[in-house]
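Residue strings, one per chain:
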There are 2 protein chains.
Amino acid sequence: MPKDRAPTRIQKKNRAAILEAALNVFSAHGFRGATVDQIAAEAGLSKPNLLYYFPSKEAIHTALLSGLLDTWLAPLHELDADGDPMEEILSYIRRKLQMSRELPRESRLFANELVQGAPRIHEALSNDLKALVDEKTAILTQWMDEGKIARLHPYHLVFSIWALTQHYADFDVQVRAILGDEDPFDGAEPFIDTLYRKLLTP
Amino acid sequence: MPKDRAPTRIQKKNRAAILEAALNVFSAHGFRGATVDQIAAEAGLSKPNLLYYFPSKEAIHTALLSGLLDTWLAPLHELDADGDPMEEILSYIRRKLQMSRELPRESRLFANELVQGAPRIHEALSNDLKALVDEKTAILTQWMDEGKIARLHPYHLVFSIWALTQHYADFDVQVRAILGDEDPFDGAEPFIDTLYRKLLTP
DNA sequence: CGTGAGTTTGACCAGATGGTCAAATCAAGA
DNA sequence: TCTTGATTTGACCATCTGGTCAAACTCACG
């Protein structure tokens, strides 16, 4: 195991390569379906060498998830209580949809974990995520109280945004099987935009 | 392997027990994460005995998926071109949501498969599912042409229904982590109902 | 009851998989 | 250049896992 001094050039490069490879493999096969050999091969390292940088498969997975959680929640963080309500929400949705488009592996990584009961991130859900959502739904509720947007169950409003945007990354195969050559996101963006404009208009 | 005559009493009982156990295990851990021993134990059989009824793990999975596909698509099948457009769509949505509530294991079984690229049901998606969706979106399009419901991209309308309803089964842990004790479906039903009333009203 | 088909199982196997270790190789600063 | 810590690897191990098989047991029916 590398000592915990300042990471060397090689350590930086290899750790990054491992996490990148792990993202590919874990998002495509889930934790149990991924093998250390596969990750090592994809990172261009031998298995013992990979295990020199991370003590176990579990450790790689954990590092990956916790490293990406911030990225994943960033769009919601940006929701600003002082902005225009409709614009704030719609641009949150656009950011979420863009993440599904540009970071589908990350979306599927979390989806895999969640579908199987989130054994490894249950804590983060009940703490960080819950806190963030509570903070932001308070803003939504205030906007509703002020009559700026339609009154709706704020938690379910958030769930609906997650569901509609992440669906395109998580169930990509299904979407494409039905749409054929059409780009999913070309149609999704205006559709979702229209949906929320109608829904949120008081 | 049992001969393919009329199945005996014991064959019926054991096959059913195996599929029930397999549904539990596959939906909770995915194909790769499930073990034959686990399924056998949960079905109350020894592993060799289980493999007397199904030739392989793969075969159990396939039997399960193809057996459930009809159930899974039934709500959409019922969408009736001759009914009242708004009522037809809303009751389709209610049926879908009810399935998420009552058959969450089935939902997660498919979710697991889809998130990982649907290696085992890709064909069914491109054939059966695609055909059914095409048939039903034709009805939706006609209703739009007649001005009975708002004009929207019909495929994305269907995707949105799947996303919003299945989200509650597939990502149950996350939803519950945020809602706490509140029953997810109590809030989801009126929310989704309101959403589609607003969205579909021309 | 006898019998043959249907059912069940303990013992076993081969390959996959996560992980270890000592030895070899490499890199960078003194 | 030399030394020392960082890096890499081949060989290896224990366990898990899907699957096999022959022998034993059970059941239904004549």
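Just so you know, the residues in each chain are numbered from 1, in the order the chain's sequence is written. To read the labels, note that chains go from A and ligands from 1, taken in the order they are written. The predicted nature of this model means local features are confined to residues of pLDDT at least 70 and side-chain atom pairs, given and counted, to a pLDDT of 80 or more, with totals for whole chains, interfaces and linings taken over all residues. Hydrogens and water molecules were not included; the side-chain quantities draw on all heavy atoms of the structure.

### Quick notes on the overall build of chain A
Let me state the cut-off plainly: A run of H or I in DSSP becomes a helix once it reaches four residues, and a run of E becomes a strand once it reaches two; helices and strands are each numbered from the N terminus. Note on contacts: a residue pair is in contact if any heavy atoms of the two residues lie within 4.5 Å. Computed with a 1.4 Å probe, the accessible areas rest on the Shrake-Rupley method; for each residue, only the protein chains presented here act as cover. Residues counted as positive are Lys and Arg, residues counted as negative are Asp and Glu, and His and the chain ends are not counted. Here the site of a charge means NZ on Lys, CZ on Arg, CG on Asp, or CD on Glu.
Helix and strand counts for chain A stand at 10 helices and zero strands. Sequence-ordered secondary structure for chain A, helices as α and strands as β, is α-α-α-α-α-α-α-α-α-α. Structurally, chain A occupies a C-alpha span of about 60 × 45 × 30 Å along its principal axes. Intrachain contacts of chain A at a sequence separation of at least 6 include 68% that bridge at least 24 residues. Summed over its atoms, the accessible surface of chain A is roughly 8900 Å², and 51% of this surface lies on carbon and sulfur atoms. Of the side chains in chain A, 23 bear a positive and 29 a negative charge, and the two mean positions are spaced by 8 Å.

### Focus on the UniProt feature "domain: HTH tetR-type" (unreviewed entry) in chain A
Defined as follows: UniProt positions are given in the numbering used here, feature names are shortened, and annotations may be inferred rather than shown by experiment.
As annotated by UniProt and renumbered to match this structure, "domain: HTH tetR-type" (unreviewed entry) occupies residues 12–72 of chain A. Counting secondary structure, residues 12–72 of chain A comes out at 87% helix and 0% strand; the distance between its end C-alpha atoms is 22 Å.

### Examining the confidence of the model for chain A
Applicable threshold: Confidence scores per residue from the predictor, reported as pLDDT, run from 0 to 100.
In this model, chain A carries a mean pLDDT of 96, and residues with pLDDT of at least 70 account for 98%. The ipTM value of the predicted complex is 0.94, and its pTM value is 0.95.

### Re the relation of the copies chain A and chain B
Just so we agree on the cut-off: Alignment of the copies relies on least squares applied to C-alpha atoms, considering only residues that score at least 70 for pLDDT in both.
Of the transformation placing chain A onto chain B, the axial shift is 0.0 Å and the rotation is 180 degrees, giving an RMSD of 0.1 Å. The transformation relating the two chain copies, once decomposed into turn and shift, fits a two-fold axis. For chain A, the residue whose C-alpha comes nearest the rotation axis is Ala163 of chain A, separated from it by 2.6 Å. The fraction of interface residues of chain A whose copies in chain B are also interface residues reaches 100%, indicating that both copies meet through the same surface.

### Section: the interface of chain A and chain B
What counts is decided by this rule: The salt bridge definition used is simple: a Lys or Arg side-chain nitrogen within 4 Å of an Asp or Glu carboxyl oxygen. Between N or O atoms, a polar contact is any pair within 3.5 Å; within protein, one atom must be a potential hydrogen donor and the other a potential acceptor, and residues adjacent in sequence are included only when both atoms are from side chains. Here the nonpolar group is Ala, Val, Leu, Ile, Met, Phe, Trp, Tyr, Cys and Pro; Asp, Glu, Lys and Arg are the charged ones; every other residue, Gly included, is treated as polar.
Counting residues at the interface gives 52 residues for chain A and 52 residues for chain B. Seen at the junction of chain A and chain B, the total is zero salt bridges. The tally of links between chain A and chain B comes to 17 residue pairs in polar contact (both at pLDDT 80 or more). Tallied by class, the residues present in the side of chain A that touches chain B amount to 28 nonpolar, 18 polar and six charged.

### What about the domain arrangement of chain A?
All names here are of chain A. Let me state the cut-off plainly: Just so you know, the domain bounds were taken from an automatic or database domain assignment. Buried area is calculated as the accessible area (1.4 Å probe) missing from two parts once they are joined, with the contributions of both summed.
Annotation of chain A at the domain level lists domain 1 (1–55) and domain 2 (65–200). Centre-to-centre separation of domain 1 and domain 2, based on C-alpha positions: 29 Å. Residue-level contacts link seven residues of domain 1 with seven residues of domain 2. With both chains or domains summed, domain 1 and domain 2 bury close to 650 Å², and 57% of this area falls on carbon and sulfur atoms. Among the residues of domain 1 in contact with domain 2, Leu23, Ser27 and Phe31 are the three that bury the most area, contributing 70% of the side total.

### Description of the pattern of salt bridges
Think of it this way: side chains of opposite charge can pair up when their charged atoms draw near. Residue and element names in this part refer to chain A. We count it as follows: Using a 1.4 Å probe on the protein chains alone, a residue whose accessible area is under 20% of its type maximum counts as buried, one over 50% counts as exposed, and one in between counts as partly exposed.
Throughout the structure, instances matching the rule amount to 30 salt bridges over all chains. For Arg120, the salt bridge identified is with Glu113, shortest N-O distance 3.7 Å. Given a relative accessible area of 31%, Arg120 falls into the partly exposed group. What makes Glu113 buried here is its relative accessible area of 4%. One network of salt bridges, with partners in common, ties together Glu87, Arg94, Asp193 and Arg197.

### Brief notes about the nonpolar core
To keep it simple, the criterion reads: Definition of nonpolar core: a set of buried residues of the types Ala, Val, Leu, Ile, Met, Phe, Trp, Tyr and Cys, connected through side-chain atoms within 4.5 Å.
Membership of the largest hydrophobic core comes to 144 residues, with the highest contact counts inside it found for Tyr196 of chain A together with Tyr196 of chain B. Those residues in contact with Tyr196 of chain B, other than ones at most four positions away along the chain, are Met86, Leu90, Ile93, Leu157, Ser160, Ile161 and Leu164 of chain B.

### Some remarks on the packing of aromatic side chains
The criterion, for reference: Pairs were defined over the aromatic rings of Phe, Tyr and Trp, the Trp ring being its six-membered one, requiring ring centres within 6.5 Å. Orientation was assigned from the angle between planes: stacked under 30 degrees, edge-to-face over 60, tilted for the rest. Either the NZ atom of lysine or the CZ atom of arginine qualifies as a charge over a ring when it sits within 6 Å of the ring centre and within 35 degrees of the ring normal.
Evaluated as defined, the whole model comprises 12 aromatic pairs over all chains. Centre to centre, the rings of Trp72 of chain A and Phe110 of chain A are 5.7 Å apart; their planes meet at 25 degrees, and the pair counts as stacked. Pair noted here: Trp72 of chain A is in helix H4 (residues 57–77) and Phe110 of chain A is in helix H6 (residues 104–115), with a separation of 38 residues, a long-range link. Each member of the pair Trp72 of chain A and Phe110 of chain A is classed as buried. For the pair Phe159 of chain A and Tyr168 of chain B, a centre-to-centre distance of 6.1 Å together with 85 degrees between the ring planes defines the contact as edge-to-face. Taken together, the residues span two chains, with Phe159 of chain A in helix H8 (residues 154–170) and Tyr168 of chain B in helix H8 (residues 154–170). The two residues Phe159 of chain A and Tyr168 of chain B agree in class, both being buried. Sitting over the face of the ring of Phe54 of chain B, Arg15 of chain B holds its NZ or CZ atom 5.7 Å from the ring centroid.

### Examining helix H7 (residues 122–145) of chain A
All names here are of chain A. Worth spelling out the cut-off: For a helix, the expected span equals 1.5 Å multiplied by the residue count minus one. Values of bend correspond, residue by residue, to the angle between axes fitted over the seven residues ending at that residue and the seven starting there.
Between its first and last C-alpha atoms H7 spans 32 Å; for 24 residues at 1.5 Å apiece the expected length is 34 Å, and the two agree. Helix geometry: H7 is bent most strongly at Lys130, by close to 35 degrees. Those residues of H7 lying buried are Ala124, Leu125, Leu129, Leu132, Val133, Lys136, Thr137, Ile139, Leu140, Trp143 and Met144. Immediately beyond the C-terminal end of H7, within one or two residues, lies Gly147, with a positive phi of roughly 75 degrees.

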